[in-house]
Every structure is written in C-alpha cells, then in structure tokens.
Amino acid sequence: MKLSVAFITFNEDRIIEKNLISIHDLADEIIVVDSFSTDHTVEICEKFSKVKFVQKKFEGFGKQKNYALSLCSGDWILFLDADEIPDQQAQQSIKKIVEAETPPFNVYEIAFNNIFLGKALKYGGWGNTKRERLFKRNSGKYSEDIVHECFITSEKKGKIEGKINHYTYKDIYHHIEKSNKYTSMMAEKMYANGKRSNALKIIFKPIYQFIKSYIIRLGFLDGLVGYYAAATAAFYTFLKYKKLHEISKFGKAC
C-alpha cells in the first residue's frame, strides 16, 4: 500500500465531505480518528469506501494524531486537518513523490493558503505558513502536546509543489468558539511547561500581538479581514494569558 491519508475529527460536517472527495482517488486508505462527533461527520465518512473510521476519546491533539499514525499501513502518510484541502498542483506533486522509486526526501512540507472568512490572507503572519504534511511511515511523529503540536523528525525536508487551501472558520461565531476552546488548552499547556501570567502580561501581550500582526507583519494590506485577523489574534492572546493567570491562581480557568 502506497499512501495513507489521515485525519482527526470532531464535528467537521461543514467541510469533511469536500475534503474526502478531494483526496479519495489519491489515497489507498483514509484513516479518520474521531472524538465522538455529534453532528453528521460519522454519516459522511461512512459514505466513502476507503475510509477506516475509528472513534477515540480526545486526550490532546498530539496524542490523537499519533494514534492515527499507528493505524496507517501505507508506505507514505499524508496527514491533513479536516479543514485542509490540497489544490490540484499539490495533489499531482504528492502522487509523483509517492510513486517515485527513489524520492529524494522522506519528509515533505507544503505551503498553506490560509482562507479567513472567505479571503486568502497574504500578510499578518498568515501568508508564509509551511508545515510537514507528507512523510514516510516511521520517519517522524507528533509531539504529545495537548494543542499546537509539532511534527518531530530528524529527516531533511523536501517541498511539495502547490498549496493546501486551509478553510479556517465558517464565520465569526465559529472563530470565537474555537478560540475559546484552544486558549483553554493552550493555557493548560503553558502552565504544565512552567509558564505563569500576571496583570502586565494580560494587558501588554495582546497589544504587542496586534501591533506585530497588523503593522510589523503588514496585516493592514489584507484590508478589513486583515484587521479582524489581527484583532482576534490579540483577543486570543488575551484569553490565553488570562486563563493562564486563573489556572495559576485557582487551579483552573474560571
């Protein structure tokens, strides 16, 4: 078996069907590890013959992804988030790598086209994102962080041609909901790593984040959506440090 495509999911029915259609012909098998979705994710996945659907209690993004890796039987693994769809050029590049007799690298990264509220962002730190998404089985694994996990490998990295279209949020309400969830996990991660917060960090870290995103990284060139992206990044930072302070003081976020 040449290529396993792997996902972890939770309530992804807004986009998972579009994603599965895009990679169904490319994959030999599709591994979906679901955290007991309550929407139509299960029914959608069951419509695809190549999908191996498994449910597992969520214990953090890193652990969930590594569990998905353990279920893959392909020589190569393409790991995607449910809201990430490789464009046509990327799909062709992946196919060429997987079918090559002696590809030059065992790990490949790819550039992202981050689509935020319907607009592809080019500035503010969003426009130059690259991540490892295609790799030989056993050539790396994910850190077991609860959130913002990273791919750990000692291999040199090649580059996939094309991009992944990353459809970040369906609307503002979805963004706020995910930000609240992610900042809680991030505060727990920071606390476990010995970091602490105080009033000065709660006040000034968000201000600096906005300045960095909107001015230093030229987010203003993305127009109104660029402003919103910078403002919400600042709000994310505020929530993260406020929740970290609450955990430090009360043992949990209020």
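Before reading on, note that the structure itself is shown above.
From a predicted model like this one, the values you see are computed outputs, not experimental measurements.

1. Here we look at helix α1 (residues 16-23)
Thinking step 1. For α1, the full list of buried residues reads I16, N19, L20, S22 and I23. Within α1, the buried residues cover an arc of 160 degrees as seen down the axis, which keeps them to one side.
Thinking step 2. On its buried face, α1 is in contact with β1 (3-9), β2 (29-34), α2 (41-46), β3 (51-55), β5 (84-86) and α4 (88-99).

2. What about the environment of I146?
Thinking step 1. With respect to the helices and strands, I146 occurs in the loop between β9 (141-142) and β10 (151-152).
Thinking step 2. Beyond its immediate sequence surroundings of up to four residues, I146 is in contact with F58, G60, F61, M185, E188 and K189.

3. Thoughts on the nonpolar core
Thinking step 1. Counting residues in each nonpolar core, the largest one holds 28 residues, and the members touching the most others are L3 and L134.
Thinking step 2. For this core, the secondary structure elements donating two or more residues are β1, α1, β2, α2, β4 (76-79), α4, β6 (107-116) and β11 (157-167).
Thinking step 3. Examining the composition of this core, we find that four residues originate from one element, α4, more than from any other.
Thinking step 4. In contact with L3, other than residues within four places in its own chain, are L26, A27, D28, E29, W76, I77, L78, I94, V98 and L134.
Thinking step 5. Within the second largest apolar cluster, 26 residues are counted, among which are A6, V54, L71 and V147.

4. Some words on empty space enclosed by the protein
Thinking step 1. A complete count under the given rule lists one cavity of 30 Å³ or more for this structure.
Thinking step 2. Here the largest cavity defines a volume of roughly 40 Å³.
Thinking step 3. The wall of the largest cavity is formed by L121, Y123, G124, W126, S213, G219, D222, G226, A229 and A230.
Thinking step 4. It is helix α7 (residues 223-250) that contributes the most residues to the lining of the largest cavity, three residues altogether.
Thinking step 5. By residue class, the composition of the lining of the largest cavity is five nonpolar, four polar and one charged.

5. Notes on the side chain of S139
Thinking step 1. You can see S139 is positioned in the loop between β8 (130-136) and β9.
Thinking step 2. You can call S139 buried: its relative accessible area is 10%.

6. Quick notes on a nonpolar patch on the surface
Thinking step 1. On the surface, L200, I203, F204, I207, Y208, I211, I215 and I216 cluster together into a nonpolar patch covering about 810 Å² of accessible area.
Thinking step 2. Assessed through its relative accessible area of 35%, I211 is described here as partly exposed.

7. Re the packing of helix α6 (residues 199-216) against α7
Thinking step 1. As a packed pair, α6 and α7 sit with axes 8 Å apart at the nearest point and diverge in direction by 155 degrees. Classified by the interaxial angle, the pair formed by α6 and α7 is roughly antiparallel. Judged by the twist between their axes, the crossing of α6 over α7 is right-handed. Here α6 contributes K201, I202, K205, P206, Q209, F210, S213 and Y214 to the contact with α7, which in turn contributes G226, Y227, A230, A231, A233, A234, T237, F238, Y241, K242 and H245.
Thinking step 2. Broken down by class, the residue content of the contact of α6 with α7 amounts to 11 nonpolar, five polar and three charged.

8. As for the pairing of β6
Thinking step 1. Buried residues dominate β6, accounting for nine of its 10 residues.
Thinking step 2. One ladder, built from five bridges, connects β6 with β8; its direction is antiparallel. The residue of β8 that forms the bridge with V107 is F135.
Thinking step 3. Where β6 lies against strand β7 (residues 119-120), two bridges are found, and the strand directions are antiparallel.

9. As for the packing of helix α5 (residues 172-192) against α7
Thinking step 1. Two elements in contact, α5 and α7, have axes whose closest approach is 8 Å; the angle formed by their N-to-C orientations is 40 degrees. When the axis of α5 is compared with that of α7, the two are oblique. The handedness of the crossing between α5 and α7 comes out as right-handed. Within the contact between the two elements, α5 uses I172, H175, S179, N180, Y182, T183, S184, M186, A187, E188, M190 and Y191 and α7 uses Y228, T232, Y236, L239, K240, Y241, K243, L244, I247 and S248.
Thinking step 2. Per-class residue counts for the contact of α5 with α7 are 12 nonpolar, seven polar and three charged.

10. Quick look at the pairing of β2
Thinking step 1. Taking burial as the measure, the six residues of β2 include six buried ones, the bulk of the element.
Thinking step 2. Residue alternation in β2 divides its side chains into two sets, E29, I31 and V33 and I30, V32 and D34, and both sets are buried.
Thinking step 3. The pairing of β2 with β3 spans five bridges and is parallel. Its bridge partner being in β3, V32 is matched across the sheet by F53.

Definitions and cut-offs
- Residues numbered from 1 in each chain as written.
- Predicted model: local features only at pLDDT ≥ 70, side-chain atom pairs only at ≥ 80, totals over all residues.
- Heavy atoms only, no water.
- Buried < 20%, exposed > 50% of the residue type's maximum accessible area, 1.4 Å probe, protein only.
- Helix = DSSP H or I, 4+ residues; strand = E, 2+ residues; numbered from the N terminus.
- Arc of directions from axis to C-beta.
- Contact = heavy atoms within 4.5 Å.
- Core = buried A, V, L, I, M, F, W, Y, C linked by side-chain atoms within 4.5 Å.
- 1 Å grid on protein atoms, 1.4 Å probe; cavity = no way out; pocket = protein on both sides within 12 Å on 5 of 7 lines; lining within 4 Å.
- Points joined across faces, edges and corners; volume = space filled by probe spheres on them.
- Nonpolar A, V, L, I, M, F, W, Y, C, P; charged D, E, K, R; others polar.
- Patch = residues over 30% accessible without salt bridge, like charges linked within 9 Å, V, L, I, M, F, W, Y side chains within 5 Å.
- Areas by Shrake-Rupley, 256 points an atom, 1.4 Å probe, with all protein chains shown as cover.
- Salt bridge = Lys/Arg side-chain N within 4 Å of Asp/Glu carboxyl O.
- Axes fitted to C-alpha atoms, helices over the stretch in contact; angles between N-to-C directions.
- Parallel < 35°, antiparallel > 145°, perpendicular 65-115°, else oblique.
- Left-handed = near helix turned anticlockwise from the far one by under 90°.
- Pairing = 2+ DSSP bridges.

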